[in-house]
Amino acid sequence: MKLAYWRGGAEMCLGIPMRVSEMTAGFAWCEGRLGRKRIDMRLVGDQPLGTWILAFMDAAREILDEGEAQRISAALDALAAAMAGEAVDDALFPDLAGREPMLPEHLRG
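Residues take numbers from 1 onward in each chain, read along the sequence in its written order. Selection of residues for local features in this predicted model requires a pLDDT of at least 70, selection of side-chain atom pairs for listing and counting requires 80 or more, and totals for whole chains, interfaces and linings are taken over all residues. Hydrogens and waters are ignored; side-chain quantities use all the structure's heavy atoms.

Caption draft 1: Expanded view of the nonpolar core. We call a set of buried Ala, Val, Leu, Ile, Met, Phe, Trp, Tyr and Cys residues a nonpolar core when their side-chain atoms join them within 4.5 Å. The buried label goes to any residue with under 20% of its type's maximum accessible area, the exposed label to any with over 50%, and the partly exposed label to all in between, with areas taken from a 1.4 Å probe on protein chains only. Formed by 13 residues in total, the largest nonpolar core has its most connected members in Met 18, Val 20, Cys 30, Ile 39, Met 41, Ile 53 and Ala 60. Looking at this core, the elements that each hand over two or more residues are strand S3 (16–24), strand S4 (27–32) and strand S6 (52–56). Under the scheme used here, helices are H or I runs from DSSP no shorter than 4 residues and strands are E runs no shorter than 2 residues, and both carry numbers assigned from the N terminus. With 3 residues, S3 is the largest single contributor of residues to this core.

Caption draft 2: Summary view of the confidence of the model for the protein. Averaged over every residue, the pLDDT of the protein is 85; residues scoring 70 or more account for 89%. Think of pLDDT as the predictor's per-residue confidence, scored from 0 to 100. In what follows, a contact means two residues having at least one pair of non-hydrogen atoms within 4.5 Å. Between residues 1–10, whose pLDDT stays under 50, and residues either more than four places distant or in other chains, the model counts 34 contacts.

Caption draft 3: Structural detail: the pattern of salt bridges. Between Lys or Arg on one side and Asp or Glu on the other, a salt bridge is scored when a side-chain nitrogen of the former is within 4 Å of a carboxyl oxygen of the latter. For the structure shown, the criterion picks out 5 salt bridges. We note a salt bridge from Arg 36 to Glu 31, for which the minimum N-O separation is 3.5 Å. Residue Arg 36 is classed as partly exposed on the basis of its relative accessible area of 42%.

Below you can see the structure in the form of C-alpha cells.
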C-alpha cells in the first residue's frame, strides 16, 4: 500500500489503516481510504473479517484496534491538509493538542 504525497518532488510512503473484507490463505481484500486493495497478510497471519490492519507497500505490517485506525486516519487527514497548505485542525491530534511537548524520559534532566 503506497500513499504518495508530493511536495516539491519529494515522495513519502505511509502505512494506511485498512479493514479486512475478504480473507483467503495468506492474502486479504481490504478496504480503506484508497479503496479496495489485495493485501499480503503473511506477516500478521490470517485475520477475521472486520479486523483493522496497517498496510504498507501492499502488505499488512500490524493489527490495529479501531481507535488506532481512527487516530492514524486523522493524522493522515492532517498531513494531507498541511501538504495542501491548509490549516491543520488540532482536533486531528487529540493526544497532542492542548499540552506542552514532552521529552522522552531518557532526555529529561
